[in-house]
Amino acid sequence: MGKGVLVIMVMVVALALSVVVNGGNFDQDFEITFGDGRVKKFGRGQLLTLSLDRVSGSGFRSKREYLFGRIDMQLKLVAGNSAGTVTAYYLSSEGATHDEIDFEFLGNVSGQPYTLHTNVFTKGKGGREQQFHLWFDPTSKFHTYSVAWTPRMIIFLVDNTPIRVFKNHEARGVPFPKSQPMKIYSSLWNADQWATQGGRVKTDWAKAPFTAYYRNFNVNPNHAAATAAFTDAKWQNQELNAWSRRRLRWVQKYFMIYNYCTDAQRFPKGVPRECRMF
Ligand SMILES: *[C@@H]1O[C@H](CO)[C@@H](O)[C@H](O)[C@H]1NC(C)=O
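Attention in this report is confined to the structure presented alongside it. Worth saying up front: this structure is predicted, and the values here are computed from it rather than measured. (Residues numbered from 1 in each chain as written. Predicted model: local features only at pLDDT ≥ 70, side-chain atom pairs only at ≥ 80, totals over all residues. Heavy atoms only, no water.)

**Regarding the site of the ligand**
And then number 1: Looking at the ligand, the residues that line it are Leu106, Gly107, Asn108, Gln112, Pro113, Thr115, His133, Ala195, Thr196 and Gln197.
And then number 2: Thr115 is positioned with one of its side-chain polar atoms (N or O) 3.0 Å from a nitrogen atom of the ligand.
And then number 3: Within the complex, 71% of the 350 Å² of free accessible area of the ligand lies under protein.
And then number 4: Here the residues of the shell around the ligand are counted per class, giving three nonpolar, seven polar and no charged. (Near = heavy atom within 4 Å. Polar contact = N/O pair within 3.5 Å; in protein donor to acceptor, adjacent residues only side chain to side chain. Areas by Shrake-Rupley, 256 points an atom, 1.4 Å probe, with all protein chains shown as cover. Nonpolar A, V, L, I, M, F, W, Y, C, P; charged D, E, K, R; others polar.)

**Quick notes on the sheet that holds strand β3 (residues 47-52)**
And then number 1: Strand order in the open sheet formed by seven strands is β2-β3-β14-β5-β10-β11-β12, and the pairing between neighbours is antiparallel. Looking at strand neighbours, the two that pair on one side only are β2 (39-42) and β12 (161-167), the edges of this open sheet. Averaged over all neighbouring strand pairs, the angle between strand axes comes to 20°, with direction disregarded.
And then number 2: Where β3 lies against strand β14 (residues 210-220), six bridges are found, and the strand directions are antiparallel. Considered in β14, the bridge of Ser51 is made with Thr211. (Pairing = 2+ DSSP bridges. Helix = DSSP H or I, 4+ residues; strand = E, 2+ residues; numbered from the N terminus. Axes fitted to C-alpha atoms, helices over the stretch in contact; angles between N-to-C directions.)

**Quick word on the environment of Val86**
And then number 1: Looking at the secondary structure, you find Val86 in strand β6 (residues 85-92).
And then number 2: For Val86, a relative accessible area of 0% gives the class buried.
And then number 3: Separated by 101 residues in the primary sequence, Val86 and Ser187 have C-alpha atoms spaced 8.0 Å apart. (Buried < 20%, exposed > 50% of the residue type's maximum accessible area, 1.4 Å probe, protein only.)

**Observations regarding unusual backbone geometry**
And then number 1: Geometrically, the link from Ala208 to Pro209 is a cis peptide bond, its omega value of 0° lying close to zero.
And then number 2: Here Pro209 is to be found in the loop between β13 (183-190) and β14.
And then number 3: Although it is not a glycine, Phe68 sits at a positive phi angle of roughly 75°.
And then number 4: Here the phi dihedral of Asn160 falls at roughly 75°; this positive angle occurs in a residue that is not glycine.
And then number 5: Considering the arrangement of structural elements, one finds Asn160 in the loop between β11 (153-158) and β12.
And then number 6: You can call Asn160 partly exposed: its relative accessible area is 40%.

**Some points on the sheet that holds β13**
And then number 1: In spatial order, the strands read β1-β4-β13-β6-β7-β8-β9-β15; together these eight strands make up an open sheet with antiparallel pairing. Unpaired on one side and paired on the other, β1 (30-34) and β15 (256-259) mark the two borders of the sheet. The mean angle between the axes of side-by-side strands here comes to 15°, regardless of whether they run parallel or antiparallel.
And then number 2: As paired strands, strand β4 (residues 58-62) and β13 are joined by four bridges and run antiparallel to one another. Within the sheet, the bridge partner assigned to Arg61 lies in β13 and is Tyr185.

This is how it looks when you write it as structure tokens:
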């Protein structure tokens, strides 16, 4: 074997190892926020579970903060009768003028669909809700929920399909999250006052504890990391590529169940300005 080949082989092995090491580890990268024994880790930090019982829910957050990049997490949601439960998965900075990028999964009675609720807060102000049903059962297998965040836009993705895009329209007076680093948070809690079918369906505590599963957390801090969905590797030139635009339209047409941008009743004086920009 030539020396060159050996060097290359060593480099390939080193690269493979570094990829494994970069994959998230719940022991190293996260801390418990509440619920103590209800947060469990398995397989040397490869799998994490949150649970909710009558006494308390539970939650965790990342130790580090992130500013831009692509953040992936695989979740398997509370199965069976999950009515009244909410599994929140979000990025947030701190303080009164914080920014936030939200996924919230609202449970339902057995056989009825979860609602995926999304929101974007900028400078402490949210009110930008979009809700979706999913095209699969999110309780039977793990699915990947991602945020691709660059100075140009925020994309919410489900299994690599963009479901929502929030573009940077700062030049036209709409604040955009770009200077406050965020931590990653998740929690499982009881919200049966409002979560399921408008609060009509309550949590069935006979089914407790309720459990949600997490694995394969991954952060790529590079702006260009989100490029799978983009036309260009440079974030300055990014637009969604044709496949992603098609998927986004498909989701918005068949699975979107609420969009603040089309809620004329809620905004009698006109919908927020970003709704009129593309
Ligand atoms: C629960 O199921 C009902 C009926 O299919 C549906 O309208 C609703 O959006 C679902 N999700 C929630 C959170 O209520």
